[in-house]
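Examining the three-dimensional arrangement
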Amino acid sequence: MAAAPPSYCFVAFPPRAKDGLVVFGKNSARPRDEVQEVVYFSAADHEQESKVECTYISIDQVPRTHAIMISRPAWLWGAEMGANEHGVCIANEAINTREPAAEIEALLGMDLVRLGLERGETAKEALDVIVSLLEEHGQGGNYYEDANSCCSFQSAYLIVDRDEAWVLETVGKYWAAEKVTEGVRCICNRLSLTTKMDAEHPELRSYAQSQGWWTGEGEFNFSEVFSPVEDHLDCGAGKDSLEKQEESITVQTMMNTLRDKASGVCIDSESFLTTASGVSVLPQNRSSPCIHYFTGTPDPSRSIFKPFIFVDDVKLVPKTQSPCFGDDDPARKEPRFQEKPDRRHELYKAHEWARAIIESDQEQGRKLRSTMLELEKQGLEAMEEILTSSEPLDPAEVGDLFYDCVDTEIKFFK
């Protein structure tokens with residue numbers, strides 16, 4: 001399989017982002033035929049000394065995990081992106097560094113996204129969770145559902161809450177992180193940290209010296225020290241697409257950026273596709289709820305972003321969940337991935353029809369896409385009312401919000 005193309009995630013802080021909102025967005029570029037599901041897990045208490053089974057390994061469970069909403073490749077345990085009930089959002093990027101990623105099965109970067117969401121009440125707490133688990137268990141294993149080759153990567157993360165973001169970049173168990181509280185920040189599939197590091201692994205610099213990658217003299221530049229010599233990946237055009245916006249950045253701006261194929265932010269190539277996208281709006285005013293939008297379908301330029309709000313009684317959405325194969329899942333049996341089961345969920349199957357129409361019939365496709373965007377606009381306007389309302393949110397009104405949006409979309413496609 002070819003090297004992964006640039007997959008992007010962004011955050012914008014006020015005043016670049018409008019109305020005191022922090023806006024977060026992520027495109028997940030994955031193998032074309034991979035299905036992503038959108039799944040809600042409620043907060044839960046766990047028995048002492050219980051274990052949690054991640055994609056490849058089991059680790060110690062914590063006494064309590066937070067409620068989370070995640071978008072994930074349907075064959076694995078972790079997440080490409082997601083949010084928790086405390087307004088923490090995390091996305092990760094697969095990256096190559098000077099140190100080859102381990103093929104031995106450990107935690108995947110995507111497992112660490114979910115673990116950070118389940119265990120962190122703030123962005124900094126989630127960062128601390130991820131780096132401590134990295135130290136204890138390491139990262140490694142196949143990033144793809146593919147029996148013919150093992151593609152393993154190091155990981156970078158964008159971890160965001162209402163107040164700040166952390167860019168975390170890892171090399172094996174070693175890591176560095178930068179705190180961001182203003183402007184626009186983008187990460188993609190290459191190292192981005194330079195000399196500004198607000199936290200780092202205590203042995204990071206001595207490790208770089210021991211490998212002969214840094215002399216120990218002069219300024220320590222993380223990307224220069226750890227980037228592979230043959231690093232030709234260019235994320236510049238995608239990065240510029242949001243940073244060069246002259247107007248204030250809104251949720252709509254972020255969605256438009258994720259739909260942009262010309263800049264390379266939205267991937268549609270022979271091997272890879274943007275298989276799912278997410279946008280979150282985190283008001284700095286804590287009396288307003290955080291709102292999270294997920295497509296649950298490939299190609300955001302042909303998908304509808306559907307809103308979700310955390311409340312106590314969230315209605316589960318089986319129509320965005322892939323079939324469960326339990327212990328018979330080829331991803332859970334060794335040797336792994338000997339078969340590829342059909343993981344398409346109901347929304348994915350309905351959306352395949354829409355994609356086929358848009359690709360094959362110009363006039364009908366244009367009308368269909370216009371109606372899809374109109375459906376999305378109605379959702380955005382309803383969410384805008386919630387954000388600007390002086391009335392407290394009625395949880396009963398939004399518990400089935402995502403469920404209803406998915407249901408409407410499927411009925412529309414039929």
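Throughout this document, residue positions are counted from 1 along each chain, in the order its sequence is written. Under the rules for a predicted model, residues below a pLDDT of 70 receive no local features and side-chain atom pairs below 80 are neither given nor counted, while totals for whole chains, interfaces and linings still include all residues. Remark: hydrogens and water are excluded; side-chain values derive from all non-hydrogen atoms of the structure.

So, the pattern of salt bridges
- Every case where a carboxyl oxygen of Asp or Glu lies within 4 Å of a side-chain nitrogen of Lys or Arg is listed as a salt bridge. For the structure on display, the rule yields 37 salt bridges.
- Among the ionic pairs, Lys319 bridges to Asp407, the shortest N-O distance being 2.5 Å. Of this pair, Lys319 sits in the loop between strand S18 (306-308) and helix H7 (346-360) while Asp407 sits in helix H10 (residues 401-413), and the two are 88 residues apart along the sequence.
- Buried residues are those whose accessible area, probed at 1.4 Å on protein chains only, stays under 20% of the maximum for their type, while exposed residues exceed 50% and partly exposed ones sit between those limits. A relative accessible area of 23% means that Lys319 is categorised as partly exposed.
- Using a relative accessible area of 14% as the deciding quantity, one classes Asp407 as buried.
- Asp342 is the partner of Arg344 in a salt bridge, and the nearest nitrogen-oxygen pair spans 2.9 Å.
- Overlapping salt bridges, with partners in common, bring together Arg32, Lys261, Asp268, Asp299, Arg302 and Glu359 in one network. Think of it this way: any DSSP run of H or I at least four residues long counts as a helix, any run of E at least two long counts as a strand, and we number them from the N terminus.

A closer look at the sheet that holds strand S8 (residues 68-73)
- Strand pairing is defined by DSSP finding a minimum of two bridges between the two strands. Overall, antiparallel pairing links the 8 strands, which are arranged S3-S8-S9-S10-S11-S12-S13-S15 in an open sheet. A single partner strand is all that each edge strand has here, and the edge strands are strand S3 (36-41) and strand S15 (199-200).
- Where strand S10 (residues 89-95) meets strand S11 (residues 154-160), 7 bridges bridge the pair, whose relative direction is antiparallel. Residue pairing for S11: Ile95 is matched across the bridge by Gln154.
- Against the sheet, helix H1 (residues 109-119) contacts S3, S8, strand S9 (81-84), S10 and S11, and its axis sits at roughly 165° relative to S10. Any two residues whose heavy atoms approach within 4.5 Å are treated as being in contact. For helices, the axis comes from a line fit to the C-alpha atoms of the stretch in contact; other axes are also lines fit to C-alpha atoms, and the angle between any two N-to-C directions lies between 0 and 180 degrees.

With respect to the side chain of Asp111
- Tracing the backbone shows Asp111 in helix H1.
- The side chain of Asp111 is buried and forms no salt bridge, while Arg114, the nearest opposite charge, is found at 7.4 Å.
- Apart from residues lying up to four places away in sequence, Asp111 is in contact with Cys54, Thr55, Trp77, Gly78 and Ala106. For the purpose of counting charges, residues Lys and Arg are taken to be positive, whereas Asp and Glu are taken to be negative. His and the chain ends are not included.

Describing unusual backbone geometry
- Residue Pro14 is joined to Pro15 through a cis peptide bond whose omega torsion reads 5°.
- By secondary structure assignment, the location of Pro15 is in the loop between strand S1 (9-12) and strand S2 (21-31).
- Residues Glu334 and Pro335 are joined by a peptide bond in cis, for which omega reads -5°.
- Relative to the assigned elements, Pro335 resides in the loop between S18 and H7.
- Here the phi dihedral of Glu49 falls at roughly 65°; this positive angle occurs in a residue that is not glycine.
- By secondary structure assignment, the location of Glu49 is in the loop between strand S4 (44-45) and strand S5 (51-53).
- We note that Phe337 has phi near 60°; this positive angle belongs to a residue other than glycine.
- Positionally, Phe337 belongs in the loop between S18 and H7.
- Residue classification places Phe337 among the buried residues on the basis of a relative accessible area of 9%.

Some points on the side chain of Glu34
- With respect to the helices and strands, the residue Glu34 is situated in the loop between S2 and S3.
- A relative accessible area of 6% means that Glu34 is categorised as buried.
- Whenever a nitrogen or oxygen atom comes within 3.5 Å of another N or O atom, the pair is scored as a polar contact, on the condition that within protein one atom can donate a hydrogen and the other can accept it, and that pairs from neighbouring residues in sequence are kept only if both atoms are in side chains. Polar contacts involving the side chain of Glu34 include one to the side chain of Arg30, which spans 2.6 Å.
- Polar side-chain contacts of Glu34 include one of 2.9 Å to the side chain of Trp75.
- Every residue in contact with Glu34, bar those within four places of it in the chain, is listed here: Pro73, Trp75, Thr275 and Tyr348.

A word on the sheet that holds S1
- Strand order in this open sheet of 6 strands is S14-S1-S2-S16-S17-S18, and the pairing throughout is antiparallel. The open sheet has two edge strands with one neighbour each: strand S14 (184-187) and S18. Taken pair by pair, the neighbouring strands of this sheet meet at an average axis angle of 15°, ignoring direction.

A short note on helix H8 (residues 362-388)
- A helix is expected to reach a length of 1.5 Å times the quantity of its residues less one. Across its 27 residues, H8 extends 38 Å between first and last C-alpha, which sits within 8% of the 39 Å expected from 1.5 Å per residue.
- Taken together, the buried positions of H8 are Gly365, Leu368, Met372, Glu376, Gly379, Leu380, Met383, Ile386 and Leu387.

What about the packing of aromatic side chains?
- Here a pair means two rings of Phe, Tyr or Trp (six-membered ring of Trp) with centres within 6.5 Å. Their orientation is stacked below 30 degrees between planes, edge-to-face above 60, and tilted elsewhere. Taken as a whole, this structure holds 18 aromatic pairs when the rule is applied.
- With 5.9 Å between their ring centres and 10° between their planes, Tyr8 and Phe10 make a pair best called stacked. Of the two residues, Tyr8 and Phe10, both sit in the buried class.
- Centroid distance Phe222 to Phe226: 5.0 Å. Interplanar angle 50°. Geometry classified as tilted. Of the two residues, Phe222 and Phe226 both sit in helix H4 (residues 222-226), 4 residues apart, roughly one turn of that helix. Here Phe222 matches Phe226 in class, with each residue buried.
- Aromatic ring contacts, followed pair by pair, group Tyr174, Tyr207, Trp213, Trp214, Phe220, Phe222 and Phe226 into a single cluster.
- Two conditions define a charge sitting above a ring: the NZ of Lys or the CZ of Arg must be within 6 Å of the ring centre, and it must be within 35 degrees of the ring normal. Residue placement shows Arg114 over the ring face of Phe41; its charged tip is 4.1 Å from the ring centre.
- The ring of Trp166 carries the charged tip of Lys124 above its face, separated from the ring centre by 5.8 Å.

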